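# Structure assessment
Here is what each chain is made of, one letter per residue.
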Amino acid sequence: MAALTPTGAVHGARATAPHAGESLTVVPVRHWGRWLAAAAALTALVGLIGSLAGNKNLHWDIVGHYVFADLVFDGLATTLWLTAAAMAAGLGLGVLVAVMRLSSNFVLRALANAFVWVFRGTPLLVQIIFWGYAGALYKHILVGIPFTHITFLDVDTNTVLTPAVAALLALGLNEAAYASEIVRAGIQSVDAGQTEAAHSLGMRPALTTRRIVLPQAMRVIIPPLGNETINMLKMTALVSVISAHDLMSGIQDVYAQNYQVIPMLVVASIWYLILVTALGLPQSWLERRYGRGTASATPATGPLQRLVTGAALRISRTTGPAAATDSKE
């Protein structure tokens, strides 16, 4: 970007000092290295696409056959509802954990820190397998009065923790740990004076958080939370290890029979790319919606034009007739 010096010169562009009454002519500096790098990258990309398109080992006929298969759509339905349900559960629990971490109560703060430490510190794959095989640890789920023989509910664990429920628990609890940190950062980004002003008006802490703090924190929360949603969509592929019948589970079932691993992975990649692209659109809209009023208004003229105009005015002041008259005086 061009910049002005105290003498009115323009860096980043070649300028010719005009005579009195003439306009300033600016010629932008041409960066030939950037154009060469862009041409090399574009050439490599075209070569890669051509190589993949002409590779017979990809078996594009198999890709075309399975890309709209019923088993793929069944897996997509499971992937979508797992993503939505896990994000809803993770966000709701994450807000609660974030508020607990910011609480002045030591017990609540310690419990929230322990929750984040456990679920953020262990791999998601380990958590999925753990919930999938929780029946090996507890064969029955009992609800009753502790240290007594009084039991209100006694059900088989494997009956309740189906693969879909285990996947939802693992994804939701893991997401809650990350969402809590995102929400906590958003809450802390709001000026403390906002909370003090709300309290001075008689608002209770819960109402202040819900009506004053969280709406302002959304500007900081939305971008990383949108990325978490996209990441959640892709992380649902891990639940295939417990046969949760998601998109990746269906793909694995097919290539376990026809041994066409690469073509089936291409099918999965196509659908994941489509879904991620679709999720990126509302994320962009939400970022613009909650980011209103934070960025400066776009001026009618560009920055380079403003710099050039300022330089021209300064040069005309120092070289014009008025400057000559001042020097004589």
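For the structure itself, look to the data block above.
Residues numbered from 1 in each chain as written. Predicted model: local features only at pLDDT ≥ 70, side-chain atom pairs only at ≥ 80, totals over all residues. Heavy atoms only, no water.

### Overview of unusual backbone geometry
A positive phi is found at His245, a non-glycine position, where the angle reads about 65°. For His245, the position within the fold is in the loop between helix H9 (205-235) and helix H10 (247-258). For His245, a relative accessible area of 57% corresponds to the exposed category. Not every positive phi belongs to a glycine, and Tyr259 is a case in point at roughly 60°. Along the chain, Tyr259 falls in the loop between H10 and helix H11 (261-290). For Tyr259, a relative accessible area of 68% gives the class exposed. (Helix = DSSP H or I, 4+ residues; strand = E, 2+ residues; numbered from the N terminus. Buried < 20%, exposed > 50% of the residue type's maximum accessible area, 1.4 Å probe, protein only.)

### Thoughts on the pattern of salt bridges
Within this structure, the stated rule accounts for three salt bridges. Here Arg101 ties to Glu181 by a salt bridge, and the two come within 2.2 Å at their closest N and O atoms. Of the two residues, Arg101 sits in helix H3 (residues 70-101) while Glu181 sits in helix H7 (residues 163-189), which places them 80 residues apart along the sequence. Here Glu181 and Arg184 are joined by a salt bridge, their closest N and O atoms 2.8 Å apart. Of the two residues, Glu181 and Arg184 are both situated in helix H7; the distance of three residues between them amounts to about one turn of the helix. (Salt bridge = Lys/Arg side-chain N within 4 Å of Asp/Glu carboxyl O.)

### Observations regarding the environment of Leu91
Inspection of the secondary structure puts Leu91 in helix H3. For Leu91 and Ser180, which are 89 residues apart along the polypeptide, the C-alpha to C-alpha distance reads 7.6 Å. Leu91 has contacts with Ala179, Val183 and Leu225, leaving out every residue within four places of it along the chain. (Contact = heavy atoms within 4.5 Å.)

### A closer look at the side chain of Thr83
Within the fold, Thr83 resides in helix H3. Among the residues examined, Thr83 registers a relative accessible area of 6% and is labelled buried. Side-chain polar atoms of Thr83 contact the backbone oxygen of Thr79, separated by 2.8 Å. (Polar contact = N/O pair within 3.5 Å; in protein donor to acceptor, adjacent residues only side chain to side chain.)

### Considerations on the side chain of Thr78
Residue placement: Thr78 occurs in helix H3. Look at Thr78 and you get buried, because its relative accessible area is 13%. Other than its neighbours up to four places away in sequence, Thr78 contacts Ala244, His245 and Asp246.

### Notes on the packing of aromatic side chains
Per the stated rule, a full pass over the model turns up five aromatic pairs. Ring geometry for Phe68 and Phe73: centres 6.4 Å apart, planes at 20°, overall stacked. Both rings, one in Phe68 and one in Trp271, keep their centres 6.1 Å apart while their planes meet at 85°; by these two values the pair is edge-to-face. Note that Phe68 is positioned in the loop between helix H2 (60-66) and H3 and Trp271 in helix H11, a separation of 203 residues in sequence. Relative accessible area serves as the criterion here: at 58%, Phe68 is assigned to the exposed category. (Phe/Tyr/Trp six-rings, centres within 6.5 Å; stacked < 30°, edge-to-face > 60°.)

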